[in-house]
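# Chain and residue survey
Here's the letter readout for the chains.
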Amino acid sequence: MAQAVSERGELVLRRRGDGALELRVNGVFVMDDRETSSEELLADVALSGTASPSRVLVGGLGLGYTVRALLRDSRVRSVVVAEIEPALVEWMRAGVVPSVLDDPRVVVAVGDVRAVVAAQGDGALDGILLDVDNGPDFLVYNENSAIYSSGFLGVCRQKLRAGGVLTVWSSSASSALETAVRAVFGGCAVSPVPVKLQGRDELYYVYQGGS
Ligand SMILES: C[S@@+](CC[C@H](N)C(=O)[O-])C[C@H]1O[C@@H](n2cnc3c(N)ncnc32)[C@H](O)[C@@H]1O
C-alpha cells in the first residue's frame, strides 16, 4: 500500500491477508498494528518511572503506538520524536497510517536519534524512550548498534534531568544491553512482555534506567 526507498534501503507498508498493517525494512519485519503491547509498555514504564514526565523524547516513530501511549497522559506536555525515515513521517501526515502528529504536543525531528538526542540541552528531558530497531541482537540497520552502547546511553543520561528515566525496547533478552544500562545509570530494571506474534508466543523486553 506504500513503498519508499532511502539510503538505508526499502521501506514497505503493507496490508497483510489477516487485515493487519505491517512495516518491513529490506524485507525484515519491523512491526505490525496487531501486537503493540510492548511498544505501549515502553511508554508506560517511562511514565511510571518518573514523577513528572513533562518533556520526553522518543526514537523512532514507527506506527506511533509508543507516542500515542505517552499522549494519553496529560502530564506529558511535549514529545520530541526522532524518526530517520522521512517517508514514514509523510505517510502519517497523509493519513496512510493513523496519525499522532496532529497533537500540538508533538514535534517530529527527521534524523538519526543520536543527533536528535545530542541536540537537546543537558538535563532538559524527563524521559528518553528508544525503540529504533529490533534490539541490539537483531539489527535492521547495523549503524544502530551504537544506540545500545554505554557511549550513547551516557549521552542520554546527560540529557535527562535528575530523576529522569530511560527506557529501551528489545525483541530479545540482552545481557550486554542490561550491563550497559546498569553501567551508565547504576541500575537496570528488565520487564519481559509476553506477546503473540502471528500465532507464536514470544517475549519482548523493556530495559529501564533512572538518572
Ligand atoms: C520498531 S519501529 C518503532 C515503533 C514505535 N515504538 C511504535 O510504537 O510504533 C522503529 C522505528 O525507528 C526508526 N529508526 C530506525 N533507526 C533509527 C535511528 N537511528 N534514528 C531514528 N529513527 C530510527 C525506524 O524507521 C522505525 O520507524
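Keep in mind it's a predicted model, so treat the numbers as computed, not measured.

## Considerations on the UniProt feature "domain: PABS" (unreviewed entry) in the protein
Mapped onto this structure's residue numbering, the UniProt feature "domain: PABS" (unreviewed entry) falls at residues 1–211. Split by type, residues 1–211 is 26% helix and 36% strand. Its first and last C-alpha atoms lie 42 Å apart.

## Quick word on the environment of Asn-134
One can find Asn-134 in the loop between β8 (125–130) and α5 (150–159). Linking Asn-134 and Ser-172, residues 38 residues apart in sequence, is a C-alpha distance of 8.2 Å. With sequence-adjacent residues up to four places away left out, Asn-134 is seen in contact with Val-28, Phe-29, Val-30, Val-140, Trp-169, Ser-170 and Ser-171. Within the structure, the side chain of Asn-134 is placed 3.3 Å from the backbone oxygen of Phe-29, a separation counted as a polar contact.

## Topic: the pattern of salt bridges
All told, the structure shown has 16 salt bridges when counted by the stated rule. Across the pair Glu-22 and Arg-14 runs a salt bridge whose closest N-O atoms are separated by 3.0 Å. Note on Arg-14: relative accessible area 34%, which makes it partly exposed. Residue Asp-126 pairs with Arg-161 through a salt bridge whose shortest N-O separation is 2.3 Å. With a gap of 35 residues between them, Asp-126 in strand β8 and Arg-161 in strand β9 (residues 160–170) connect regions that are remote in the sequence. The exposure class of Asp-126 is buried, given its relative accessible area of 8%. Salt bridges sharing common partners tie together Arg-14, Arg-16, Asp-18, Glu-22, Arg-24 and Asp-32.

## What about the side chain of Gln-120?
Structurally, Gln-120 is set in the loop between α4 (113–118) and β8. There is a polar contact of 3.0 Å between the side chain of Gln-120 and the backbone oxygen of Val-116. Sequence-distant contacts of Gln-120, that is, excluding residues within four places in its chain, are made with Arg-55, Leu-57, Val-80, Leu-125 and Lys-159.

What counts, and at which threshold
Residues numbered from 1 in each chain as written. Predicted model: local features only at pLDDT ≥ 70, side-chain atom pairs only at ≥ 80, totals over all residues. Heavy atoms only, no water. UniProt positions renumbered as here; feature names shortened; annotations may be inferred. Helix = DSSP H or I, 4+ residues; strand = E, 2+ residues; numbered from the N terminus. Contact = heavy atoms within 4.5 Å. Polar contact = N/O pair within 3.5 Å; in protein donor to acceptor, adjacent residues only side chain to side chain. Salt bridge = Lys/Arg side-chain N within 4 Å of Asp/Glu carboxyl O. Buried < 20%, exposed > 50% of the residue type's maximum accessible area, 1.4 Å probe, protein only.

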